[in-house]
Amino acid sequence: TAGSDGGGYYGHCQRFTMTDCAFSSNSATSYGGGLYARSSASQGAIDRGQFIGNDASYGGGVYAYTMYVRDCTVEHNHADGDGGGVYADYHSDVLTCGVTDNQAERDGGGIYGKSYVEINRSSILDNSAGRDGGGFCSSTFSQSSSSGPKIYNSLLARNSADRDGGGVLLSA
């Protein structure tokens, strides 16, 4: 348990990389119940991670800033705010991941995307949000911008939101 960020692990460095990790039943009062990962110089990576049953205000399973989140399992996590499974901030990508049965009290039950986010070859299933975007929510969508969120070759199913966008909500 962390008093602020990174309940299981806090990493903030030039190029953050973590492989074959597991975080379960951790909590943080702010960001990243399982893992807080911030790469400040170039895009870092989290590969083959398991984030199960973690809790935070934002990013119940993972808070990722300028990160690739690849080949990960993100399930049964909870956020009091946004991003029940993953809070993807500033150019973070979710690639080949299973994001299942996560819950956010506000937006983005599975994934909350702030700034540029790409989701590719991922399954986003059975997540829920107390407000918007049960599967995925992005607050930086612009029809005229190439830097908005992108979703490719992914399955989003059985997600729910109490307000708008049971599967996906994109807003400016």
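For the structure itself, consult the block above.
So, a few notes on the structure that sits alongside this text. (Residues numbered from 1 in each chain as written. Predicted model: local features only at pLDDT ≥ 70, side-chain atom pairs only at ≥ 80, totals over all residues. Heavy atoms only, no water.)

### Thoughts on unusual backbone geometry
Phase 1: One non-glycine residue with positive phi stands out, namely His76, at about 60°.
Phase 2: For His76, the location among the structural elements is in the loop between β10 (73-75) and β11 (78-79).
Phase 3: Taking relative accessible area as the criterion, His76 reaches 44% and is therefore assigned partly exposed.
Phase 4: If you check the backbone angles, Thr96 has positive phi at about 55° while not being a glycine.
Phase 5: Note that Thr96 resides in the loop between β13 (92-95) and β14 (98-100).
Phase 6: Thr96 gets classed as partly exposed once you look at its relative accessible area, which sits at 32%. (Helix = DSSP H or I, 4+ residues; strand = E, 2+ residues; numbered from the N terminus. Buried < 20%, exposed > 50% of the residue type's maximum accessible area, 1.4 Å probe, protein only.)

### Some words on a nonpolar patch on the surface
Phase 1: A grouping of Ile151, Val168 and Leu170 is seen on the molecular surface, where their side chains present a nonpolar patch of about 200 Å² in accessible area.
Phase 2: Judged by relative accessible area, Val168 falls into the partly exposed class, the value being 35%. (Patch = residues over 30% accessible without salt bridge, like charges linked within 9 Å, V, L, I, M, F, W, Y side chains within 5 Å. Areas by Shrake-Rupley, 256 points an atom, 1.4 Å probe, with all protein chains shown as cover. Salt bridge = Lys/Arg side-chain N within 4 Å of Asp/Glu carboxyl O.)

### With respect to the sheet that holds β13
As a general point, the strands of a sheet are linked pairwise by backbone hydrogen bonds and lie either parallel or antiparallel.
Phase 1: The six strands are arranged β2-β5-β9-β13-β17-β21 in an open sheet whose pairing can be described as parallel. The sheet is open, and its two edges are formed by β2 (17-19) and β21 (150-152), each paired on a single side. Adjacent strand axes in the sheet meet at a mean angle of 10°, parallel and antiparallel pairs treated alike. (Pairing = 2+ DSSP bridges. Axes fitted to C-alpha atoms, helices over the stretch in contact; angles between N-to-C directions.)

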